[in-house]
Amino acid sequence: MPRLVPTETDFTSPEPRGGSLTSREADWSGLRVLVVGLGLSGFAAADALLEQGASVLAVEGQEPAEGSDLAERVRLLEILGAELATGEAGRPWFARGGGAQEACAAMLEQAGTEVVVTSPGLRPDTPLLAAARAAGLPVWSEVELAWRMRPAEGAAPWLCVTGTNGKTTVVRMLTAMLRANGEEAVAAGNVGKPIMEAILDPTRHGAIAVELSSFQLHHTWTVSPQASVVLNIAPDHVDWHGSLEAYAGDKGRIHHNTQVAAVYNAQDEVTRALVEQADVVEGCRAVAFSVGTPGLSELGLVEDVMADRAFTADRATTALELGTLEDLTRDGVPPAPHLVANALAAAALARAHGVPPAAVREGLRAFRADPHRMETVLVAEGVTWVDDSKATNPHAAAAALTASSSIVWVAGGDLKGADVDGLVADVADRLKAVVVLGKDADAVAGAVARHAPQVPVDRVTGTEPEQAMADAVSAASARAGVGDLVLLSPAAASIDMFSDYGQRGDLFAREVRRLHGGDGQVPLDG
């Protein structure tokens, strides 16, 4: 297995002030920090730094339109004493092209910058970040800053989650398990609160379930999770990272300094390699999860029982029951294998934290998925309609397409260059019919023609969102019969036609309910 680590292989970063900024109690006063980007995470970082007495210059390339969220953030930071460069004044910091790096280096020097806190949207090869690295300046994510602002004593442990797909589901499940154990747990990072808000919240959290993207992890250096997991790796965001290997390597950074358990997917060899190559705390264990029978130091499935052979004293001969598939069944629909795998991954993190099996099971029973993630819209006339609009890449759709043996698949959108041939080949025997729409409809239809030529394909040619979805639902209904699953799992982004995947899913649900005369609130039967 090739080494899957990005450019910063040694996990070291220049340290300001002799490496003393490692807790909230450190002397942050007067530290000159450039905060790049004023989204939620950038604002939270700037706010926290100002509270600690740092000198903040916040830059944002967008113009803060009157009444917008951005304008309100700018107003608040001005009141708190930040220096701001937004819109036209901020754009030179984001410049590209000839001479941009030199210009950014001069601006960094003129500002007296000591630390750069960067937005996760900024690629590593951006001239500003290249100039900062060349000048020997620390470049931190908001996540890195948040870790350094934890209190020196009594800080809540972090349970960290990453992967191409399933992150939010696992964090939600994990949070439910922690709360079932009586803890004041919180979800943070890419789901729930910005991590900085969670750190500064005066609530004494038992643990923080942290969802981390590869973008955030790239500039994260000193975080030491109690337990960490990479759920899966599939091609995504290669344009940002430069290669699939660098993308996987940045995901693997989540295991660096893990204390108790580095968790991996036994059915994904890349995630195993990332654990093998990780520099963890002495005594940290590698723990696997899978939907197969669990081996030693694994969590898995024994018939319909989720079992733990990792966190039990007699794991060589016995396993602990953590719940059953019935605990994950919703609206009479049994869980798809990927949802079971997510539950086992969440359970591994919870068990590493010390959550007992009974609370794991209670958390699974309490869990409800976020909208547009394998969400049953209704069951009518023997047909189950499911909204999985969040499946914005082929890997996510592949998981959803294991949910039934007879599927009418609604797919398409902006594939962002992804290949769907492998996906269609793998699920060809499950497809009853396919309805395609969006920018790359022809690419999906072509893959079906090559790998499942017996499967009928209906093309939606319109591009107006509401009418296109109405046509897609109508076409799917005409193909579906008793026992079938109609699945919106596009395998593609929504940006070609819809405002976001949420709108795409909402329109699908609305048209399904309208087709069956429902009120848009509850299933009609089943």
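Residues numbered from 1 in each chain as written. Predicted model: local features only at pLDDT ≥ 70, side-chain atom pairs only at ≥ 80, totals over all residues. Heavy atoms only, no water.

K.L.:
Account for the UniProt feature "domain: Mur ligase C-terminal" (unreviewed entry) in the chain, with residues named and values stated.
P.N.:
In the numbering used here, UniProt assigns the feature "domain: Mur ligase C-terminal" (unreviewed entry) to residues 372-491. A helix fraction of 33% and a strand fraction of 24% characterise residues 372-491, whose end C-alpha atoms lie 13 Å from each other. (UniProt positions renumbered as here; feature names shortened; annotations may be inferred. Helix = DSSP H or I, 4+ residues; strand = E, 2+ residues; numbered from the N terminus.)

K.L.:
Let's hear about helix α17 (residues 465-479): which residues, and what values?
P.N.:
One turn of the α-helix equals 3.6 residues, which is why residues spaced by three or four share an orientation. Counted at 1.5 Å a residue, the expected span for α17 with its 15 residues is 21 Å, and the 21 Å between its end C-alpha atoms agrees. Within α17, the full set of buried residues consists of P465, A468, M469, A470, A472, V473, A475 and A476. Buried-residue contacts for α17 involve β16 (383-387), β17 (407-411), β18 (431-436), β19 (457-459), β20 (485-488) and α18 (501-515). By the N-cap criterion, in which a side-chain oxygen at the helix start approaches the backbone nitrogen of a residue two or three places on, α17 is capped by E464, the distance to E466 being 3.2 Å. (Expected span 1.5 Å × (residues − 1). Buried < 20%, exposed > 50% of the residue type's maximum accessible area, 1.4 Å probe, protein only. Contact = heavy atoms within 4.5 Å. Polar contact = N/O pair within 3.5 Å; in protein donor to acceptor, adjacent residues only side chain to side chain.)

K.L.:
Provide a residue-level description of the sheet that holds strand β9 (residues 227-230), including the pertinent values.
P.N.:
Paired through backbone hydrogen bonds, the strands of a sheet run either parallel or antiparallel to each other. If you walk across this open sheet you meet the nine strands as β7-β8-β6-β9-β10-β11-β12-β13-β14, and the pairing is mixed. The strands lining the two open edges of the sheet, one partner per strand, are β7 (186-189) and β14 (320-324). Along the sheet, successive strands turn relative to each other by an average axial angle of 25 degrees, direction set aside. In the sheet, β9 pairs with strand β10 (residues 261-265) via four bridges, with the strands oriented parallel. The residue of β10 that forms the bridge with V229 is V263. This element, helix α13 (residues 357-366), spans β13 (305-308) and β14 of the sheet and lies at about 10 degrees to β14. (Pairing = 2+ DSSP bridges. Axes fitted to C-alpha atoms, helices over the stretch in contact; angles between N-to-C directions.)

K.L.:
Describe the nonpolar core, listing the residues and the values that go with them.
P.N.:
The biggest cluster of nonpolar side chains holds 50 residues, and the ones touching the most others in it are W28, L49, L145, W158, I195 and I208. In terms of residues, this core owes the most to one element, helix α1 (residues 40-51), which gives seven residues. In this structure, this core is formed jointly by two domains, domain 1 (32-137) and domain 2 (146-366), each of which donates at least three residues. Among the nonpolar cores identified, the runner-up in size contains 44 residues, and M173, V191, A345 and A348 belong to it. (Core = buried A, V, L, I, M, F, W, Y, C linked by side-chain atoms within 4.5 Å. Domains from an automatic or database assignment.)

K.L.:
Go over the sheet that holds β19 with me, naming the residues and quoting the values.
P.N.:
Strand order in this open sheet of six strands is β15-β16-β20-β17-β18-β19, and the pairing throughout is mixed. Each having just a single partner strand, β15 (375-380) and β19 make up the two edges of the open sheet. Ignoring strand direction, the axes of neighbouring strands in this sheet form an average angle of 15 degrees. Set on the sheet, α17 makes contact with β16, β17, β18, β19 and β20; between it and β18 the angle comes to about 165 degrees.

K.L.:
I'd like a rundown of the confidence of the model for the chain, residues and numbers included.
P.N.:
Residues with a pLDDT of 70 or more make up 94% of the chain, whose mean pLDDT is 90. Within the chain, β9 carries the highest mean pLDDT (98), whereas helix α9 (residues 238-241) carries the lowest (59). Within the model, the stretch residues 519-526 combines pLDDT values under 50 with 14 contacts to residues more than four positions away or in other chains. (pLDDT = per-residue confidence, 0-100.)

K.L.:
Go over the side chain of D440, please, and point to the residues and values.
P.N.:
By secondary structure assignment, the location of D440 is in the loop between β18 and α16 (441-451). Here D440 is in contact with G413, D414, L415 and K416, once residues within four sequence places are set aside.

K.L.:
Can you tell me about the packing of aromatic side chains, naming the residues and giving the values?
P.N.:
All told, the structure shown has two aromatic pairs when counted by the stated rule. Ring centres 4.9 Å apart and planes at 85 degrees place the aromatic pair W147 and W158 in the edge-to-face group. Of this pair, W147 sits in helix α5 (residues 142-148) while W158 sits in strand β6 (residues 158-162), and the two are eleven residues apart along the sequence. On the accessibility criterion, W147 (11% relative accessible area) is buried. With 6.2 Å between their ring centres and 50 degrees between their planes, W385 and F508 make a pair best called tilted. Of the two residues, W385 is situated in strand β16 and F508 in helix α18; the sequence distance between them amounts to 123 residues. (Phe/Tyr/Trp six-rings, centres within 6.5 Å; stacked < 30°, edge-to-face > 60°.)

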